[in-house]
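What follows is each chain in one-letter form.
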Protein chains: 2
Amino acid sequence: MINVAILGFGVVGSGTAALITENAELIRNKVGDDVYVKRILDLRDFPDSPFAERITHDINDIINDKDISVVCEVIGGLHPAYEFTVAALKAGKSVVTSNKEIVATLGVELLTIAAENNVSYMFEAAVGGGIPVLRPLAEDLATVNRIERVDGILNGTTNYILTRMKDDGATFGDALAGAQKNGYAEADPSADIEGKDTCRKICILGAIAFGKLLDVKGISTTGITALSLSDIENAEKMGYSVKLIGSAFKSDDGRIVELVRPCFVPHSNPLSHVFDVFNGVSVRGNYVGDVMFYGRGAGSEPTASAVASDVIRIASGAAVNGEPWKAASAAETGCADEIPAQYYVCADTADVSAVEKTFGGIDKIIASKEKTAFVLKNKMSLVSLKEKIKTSGLSVSAVIEVL
Amino acid sequence: MINVAILGFGVVGSGTAALITENAELIRNKVGDDVYVKRILDLRDFPDSPFAERITHDINDIINDKDISVVCEVIGGLHPAYEFTVAALKAGKSVVTSNKEIVATLGVELLTIAAENNVSYMFEAAVGGGIPVLRPLAEDLATVNRIERVDGILNGTTNYILTRMKDDGATFGDALAGAQKNGYAEADPSADIEGKDTCRKICILGAIAFGKLLDVKGISTTGITALSLSDIENAEKMGYSVKLIGSAFKSDDGRIVELVRPCFVPHSNPLSHVFDVFNGVSVRGNYVGDVMFYGRGAGSEPTASAVASDVIRIASGAAVNGEPWKAASAAETGCADEIPAQYYVCADTADVSAVEKTFGGIDKIIASKEKTAFVLKNKMSLVSLKEKIKTSGLSVSAVIEVL
């Protein structure tokens, strides 16, 4: 019997308990042993739950229980998740989490503590919900490919809002209100719509791809709050979908660059067809080329699937503990604004020739009485582009990267 | 040092040798040891290859070499691949293959021999080229989810042809000729266009999802040779893409059903946006919901990535050998034609009311002077549908399942 404890009986915790119970026979066949949820930590009581008897309010009931070998930390946030995780790892228990904030922020330390105590710290559920992506990236693709870049639609809330704007012609504000009404956005949606959630996830993907964890606070992060409906409509006319994309790649001089921003994604890129609350993660390797992983990026049941798959790895002795990450130094970290990219620009002028004079080759021009929207033919850095806009004196309402 | 032998120095074999050599440092860091291609078996000599010195024409140079622990069988076909694989497994060597024919046909026996000899038999490259899909399905999704169904675009040649028909308005014959000219179809394309290649791959996916290998010869398999351009155009007008889909699922009475046929795939399904030579595999689990894996399904470098990732699993001691598959009995195998599904039908009549009278509720009607194309509102089995057509006396030019 493998005994598991769950910290936090919320959306993910209750889904995980339900999965391990409902699919018990299937799991037993795979593991060759029973996997049992022995304890659940929560501040609340759940008298009507089938797990009522197993609820505890005291973390020590779990840390001091020598029969519990795996702890699922699905509380979220940094504290007390951090203290509980450290205590569990030091007590010789493996820890599984869906908590992207703690992995993105404290992953170096927690992986090191796990390695020192000869246990596993696993977090498939922290990125892409139920999609198996961290393990295929770490254990299949990155073992034999030089990973060139990872790009992902990593936040279901923003992707739902962008889908509503495109399909229903809703403004950002109306689409956000609809998402909140339908339970796809929280009352305080800032972590989602400002790109912070995506930032944590691309930070984790980058660490797996390149072995170094960047400082989450240093990652250039732009959310979707400033997107106008007209830019989304222009994107469609030009053959793109607008998506909030987290990217991690190596610059030409070998630095790791990570950033989060809305992008025009060409319809030829499968990420452009990821809609509603779905997530997609695209990985480019020097042999495999482009691979994409797609599925539900959040929700009780999909996330429980990823948490449980980590538990089962540990229970069946199949967990692969790679080298703990290292923190990326400043010298190893590149500046996103200095990397040449293609851009969409919307200028507040009907004078197309003035625009062409300022920017050189432009393409896919959509001109109206007041505005000229276009895509720059040549790549340039955001720094150069902003400098060009400044010296031209042109007023510009949107600058959006083309992926 | 982990010594590897490669059987067959063709497209996949040369890619695998190149990958293991070019990415040697990366592999050493992951495995903690050097991985070296010691021997390559081929009937030909390759005097100009950097691997010229390692070529042998005698399989015994590999079987009898106690230093070689992993053999990559990338010859294809059943013989002599089968004899070489058995000899290698019995000599205590793990075998990695990209050979879908041998896995789909003889997988039960070869997995059993591997288990008896305490070595691994792995074949990530046999399905979906470079896409990591068999392992995430086996080791992540199926460990904790009851797998409900797997649907895949598993053959790049046919998907390329269908893409050309859709995008260029080419007939099947012209698109096939173009594919052959561009190296995307073989001189004898029958295994691809008649669906046999897809059949072998869905057979492997089904065995991983459900633990039982169906008899490949018993799987209902329809290729794309009978597809008309007008049906492909109708599909687009109705909001579908036409794709050759291999499916494996459980029927309501618990039997395993597998089949290969062209389908109308709704644009809301991400498989409908898999174009050109790309593959996509969609998996539905009872907790995770729908997950899709996407990438290059063939070619030297992507397939080499999958072969090498299996080699590295074995070299680093991380290979998970599940229970060998069992052969599905007749009682465990369902009949695809008896499963209710939605269908597109094109009838050779302009009399829409006669069509409605025959079929009941119909939808998305496209009527011309000679034909009426439509989608049936209600699901019915192919057996029932054909009976209905027969008794009505209507002439029908196309019956295509809606996925």
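In this text, all values refer to a predicted model and were calculated from it rather than measured experimentally. (Residues numbered from 1 in each chain as written. Chains lettered and ligands numbered in written order. Predicted model: local features only at pLDDT ≥ 70, side-chain atom pairs only at ≥ 80, totals over all residues. Heavy atoms only, no water.)

1. Topic: the overall build of chain A
The secondary structure content of chain A amounts to 14 helices and 18 strands. For 403 residues, the compact-globule estimate of 2.2 N^0.38 gives 22 Å, and the C-alpha radius of gyration of chain A, at 23 Å, lies within 12% of that figure. Expressed along its principal axes, the backbone C-alpha trace of chain A runs to roughly 75 × 45 × 35 Å. Residues classed as buried in chain A amount to 58% of the 403 residues present. (Helix = DSSP H or I, 4+ residues; strand = E, 2+ residues; numbered from the N terminus. Rg over C-alpha atoms; globule rule 2.2 N^0.38 Å. Buried < 20%, exposed > 50% of the residue type's maximum accessible area, 1.4 Å probe, protein only.)

2. Notes on the interface of chain B and chain A
With 43 residues of chain B at the interface, the matching set in chain A holds 43 residues. Ranking the residues of chain B by area buried against chain A places Val144, Tyr287 and Tyr294 of chain B at the top, with a combined share of 20%. Taken together, the connections running from chain B to chain A amount to 6 salt bridges. Between Arg135 of chain A and Asp140 of chain B there is a salt bridge, and its shortest N-O distance comes to 2.3 Å. For the pair chain B and chain A, the interface holds 19 residue pairs in polar contact (both at pLDDT 80 or more). When contributions to the side of chain B that touches chain A are tallied by element, the ones reaching two or more residues are helix H1 (11-22), helix H2 (24-31), helix H6 (134-144), strand E13 (289-296) and helix H12 (300-315) of chain B. Residues of the side of chain B that touches chain A, tallied by class, amount to 23 nonpolar, 10 polar and 10 charged. (Contact = heavy atoms within 4.5 Å. Buried area = accessible area lost by both parts, 1.4 Å probe. Salt bridge = Lys/Arg side-chain N within 4 Å of Asp/Glu carboxyl O. Polar contact = N/O pair within 3.5 Å; in protein donor to acceptor, adjacent residues only side chain to side chain. Nonpolar A, V, L, I, M, F, W, Y, C, P; charged D, E, K, R; others polar.)

3. A word on the environment of Ala347 of chain B
Residues and elements named next belong to chain B. With respect to the helices and strands, Ala347 occurs in strand E15 (residues 342-347). Sequence separation of Ala347 and Lys196 is 151 residues, and the distance between their C-alpha atoms is 28 Å. Once residues lying within four places of it in the same chain are set aside, the contact partners of Ala347 are Val355, Glu370, Lys371, Thr372, Phe374, Ser395 and Val396.

4. Section: the sheet that holds strand E2 (residues 35-41) of chain B
Residues and elements named next belong to chain B. Pairing within the open sheet is parallel, and its 6 strands lie in the order E3-E2-E1-E4-E5-E6. What marks the edges here is a single partner per strand, and that holds for strand E3 (55-56) and strand E6 (121-122). Inspection of the sheet shows E2 paired to E3 by 2 bridges, in the parallel sense. Bridge pairing in E3 links Leu41 to Thr56. (Pairing = 2+ DSSP bridges.)

5. Let's talk about the environment of Ile202 of chain B
Residues and elements named next belong to chain B. Along the polypeptide, Ile202 turns up in helix H10 (residues 196-210). It is 14 Å that separates the C-alpha atoms of Ile202 and Ala138, two residues lying 64 residues apart in sequence. Contact partners of Ile202, with chain neighbours within four places excluded, come to Val150, Leu154, Gly246, Ser247, Ala248, Glu258, Leu259 and Val260.

6. Brief notes about the side chain of Asp231 of chain B
Residues and elements named next belong to chain B. One can find Asp231 in helix H11 (residues 229-238). One buried charged residue, Asp231, remains without a salt bridge, the closest side chain of opposite sign being Lys371 at 6.7 Å. Leave out the neighbours within four places in its chain, and Asp231 touches Val242, Phe264, Tyr344, Cys346, Ala398 and Ile400. (Lys, Arg positive; Asp, Glu negative; His and termini not counted.)

7. Topic: the domain arrangement of chain A
Residues and elements named next belong to chain A. Under the domain assignment, chain A is made up of domain 1 (2-130 + 302-327), domain 2 (134-296) and domain 3 (340-402). Computed over C-alpha atoms, the centres of domain 2 and domain 3 are 24 Å apart. Counting residues at the interface gives 11 residues for domain 2, matched by 11 residues for domain 3. Each partner contributes to the roughly 1000 Å² buried at the junction of domain 2 and domain 3, and carbon and sulfur atoms together form 64% of this total. Across the pair Glu401 and Arg261 runs a salt bridge whose closest N-O atoms are separated by 2.9 Å. Across the contact surface, domain 2 and domain 3 share 5 residue pairs in polar contact (both at pLDDT 80 or more). Contributions of two or more residues to the side of domain 2 that touches domain 3 are made by helix H11 (229-238) and strand E11 (256-266). In terms of residue count, E11 provides more of the side of domain 2 that touches domain 3 than any other element does, 5 residues in total. Its residues assigned to classes, the side of domain 2 that touches domain 3 shows 7 nonpolar, 1 polar and 3 charged. (Domains from an automatic or database assignment.)

8. Focus on the packing of helix H6 (residues 134-144) of chain A against helix H10 (residues 196-210) of chain A
Residue and element names in this part refer to chain A. Interhelical geometry of H6 versus H10 gives an angle of 10 degrees and a closest axis separation of 9 Å. Taken together, the axes of H6 and H10 lie roughly parallel to each other. Of the residues in H10, those touching H6 at Leu134, Leu137 and Ala138 are Ile204, Leu205, Ile208 and Ala209. In terms of residue class, the contact of H6 with H10 is built from 7 nonpolar, no polar and no charged. (Axes fitted to C-alpha atoms, helices over the stretch in contact; angles between N-to-C directions. Parallel < 35°, antiparallel > 145°, perpendicular 65-115°, else oblique.)

9. A look at the relation of the copies chain B and chain A
Mapping chain B onto chain A is achieved by rotating through 180 degrees and translating by 0.0 Å along the same axis, at an RMSD of 0.0 Å. Taken together, the turn and the small shift mark the pair as related by a two-fold rotation axis. The rotation axis passes nearest to the C-alpha of Phe293 of chain B in chain B, at a distance of 2.4 Å. When you check the interface residues of chain B against chain A, 100% turn up at the interface there too, and the contact is symmetric in its surfaces. (Least-squares fit on C-alpha atoms with pLDDT ≥ 70 in both.)

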